[in-house]
Amino acid sequence: MAAPIGVDMMSALVRHYVLPQVTDNVYTKNNALLFRLLNSGKRIIQGGTHIEIPVLYRRFTTGGPYRGYDIIDVAPQDTVRNVYVDWKQQSVPFAISELDLIKADSPLAIANLLTILGQQTYMEMGENLSAGVVLGDGTTNPKDIDGLEAIVEDSNTYGGIDRTTNAFWQATLDSSTNALTLAAMHSLFSDATIGASHPTIWFGNGTNYNRLYALNLSTTGYSVQYVREPGGHDEVLAQAGFTNLLFENIPFVRDDNMTDSDSYALNENFLALVVSSRADFYMHDFQKPVNQNAYITNLDWAGNLICMNSATQARFDALTS
């Protein structure tokens, strides 16, 4: 513990040196999924009691070959229905007392206290949203975002549709594969591919990133596309510092919100982070309570993660090696 200030000549005349920066030791997670959604999958919308998505859920039951005077079936078709998700809200409060502002109003201050706390408020929101878009399962905390745990499933109810009786709405879930192998990844990727529509990115935590890296070093018999590309296959990811491994010519990116047992193959063409225009990281003006010499505000967010085609999303959920 540092000596009390002013008890001898040295402590009375010489102050501690504090580095003029604040080093983050808390917000260390790699939030690759949220980064991807905010940069290419965010949709700003206005209002509505729910967030609804019209989807085609079956083909026409009429049409086909005929001859001459055959009667053509012209029965009307009902092939569209809406799926929906609720609005979900997140808030991070930010409070500071007048006394703290008085103490920080000094030429000896190493940083602007309001700036530092304000930046941390945004970082806190980012961490909360990052965890929500991955771990929200729709049931543990119904107020939380409907994340990948709810979306990439095959037997729950998502968007108001029961997947046990609606096969078209089931995601591809592999609960039998324990050892991550290139063959297992190829099979999962293939199961989530419909024609030219296929997963566009893989996600996994550090454990699974390292598993895939080890496979790249040890496995033979696969083409050169499985080797590591240190600079990142995706230019936007690479510029943001997200190195990645390649599989099926799409990047495998590390996101440490995920667990050791999970790895996701996602088709981002059918995923979107829907956000209210009134609460897109909105910082309110400071308010002063009538009975406190302090200032309080909130950083607000409202929206949800939505999926428009579940059959194109896939994951392993029982990986152990």
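The preceding data block contains the structure.
None of these values were measured; they are calculated from a predicted model. (Residues numbered from 1 in each chain as written. Predicted model: local features only at pLDDT ≥ 70, side-chain atom pairs only at ≥ 80, totals over all residues. Heavy atoms only, no water.)

### Observations regarding a nonpolar patch on the surface
A cluster of nonpolar side chains, namely Tyr66, Ile72 and Val74, defines an oily patch on the protein surface of about 360 Å² accessible area. Relative to the helices and strands, valine 74 is located in the loop between β2 (51–56) and β3 (80–85). For valine 74, a relative accessible area of 71% corresponds to the exposed category. (Patch = residues over 30% accessible without salt bridge, like charges linked within 9 Å, V, L, I, M, F, W, Y side chains within 5 Å. Areas by Shrake-Rupley, 256 points an atom, 1.4 Å probe, with all protein chains shown as cover. Salt bridge = Lys/Arg side-chain N within 4 Å of Asp/Glu carboxyl O. Helix = DSSP H or I, 4+ residues; strand = E, 2+ residues; numbered from the N terminus. Buried < 20%, exposed > 50% of the residue type's maximum accessible area, 1.4 Å probe, protein only.)

### Section: the environment of leucine 305
Tracing the chain through its elements places leucine 305 in strand β14 (residues 294–307). We classify leucine 305 as buried; its relative accessible area is 1%. In sequence terms leucine 305 and leucine 148 are 157 residues apart; their C-alpha atoms lie 8.6 Å from each other. Non-local contacts of leucine 305, meaning those with residues more than four positions away in its chain, are made with Leu37, Val133, Ile145, Asp146, Gly147, Leu148, Ile151, Tyr158, Ala272 and Leu273. (Contact = heavy atoms within 4.5 Å.)

### A short note on the side chain of asparagine 31
For asparagine 31, the position within the fold is in the loop between α1 (9–13) and α2 (32–40). At a separation of 2.8 Å, a polar atom in the side chain of asparagine 31 contacts the side chain of glutamate 127. When residues no more than four places from it in sequence are discounted, the contact partners of asparagine 31 are Gly126, Glu127, Ser130, Phe242, Asp255 and Asn257. (Polar contact = N/O pair within 3.5 Å; in protein donor to acceptor, adjacent residues only side chain to side chain.)

### Here's the deal with the pattern of salt bridges
Applying the stated criterion across every chain yields a total of 7 salt bridges. The salt bridge involving arginine 315 is made with glutamate 149; its shortest N-O contact spans 3.5 Å. Residue arginine 315 is found in strand β15 (residues 314–316), and its partner glutamate 149 is found in helix α5 (residues 148–151); the two are separated by 166 residues along the sequence. Of the two residues examined, arginine 315 and glutamate 149, each falls in the buried class. Linked through salt bridges whose partners overlap, the residues forming this network are Glu149, Glu153, Asp262 and Arg315.

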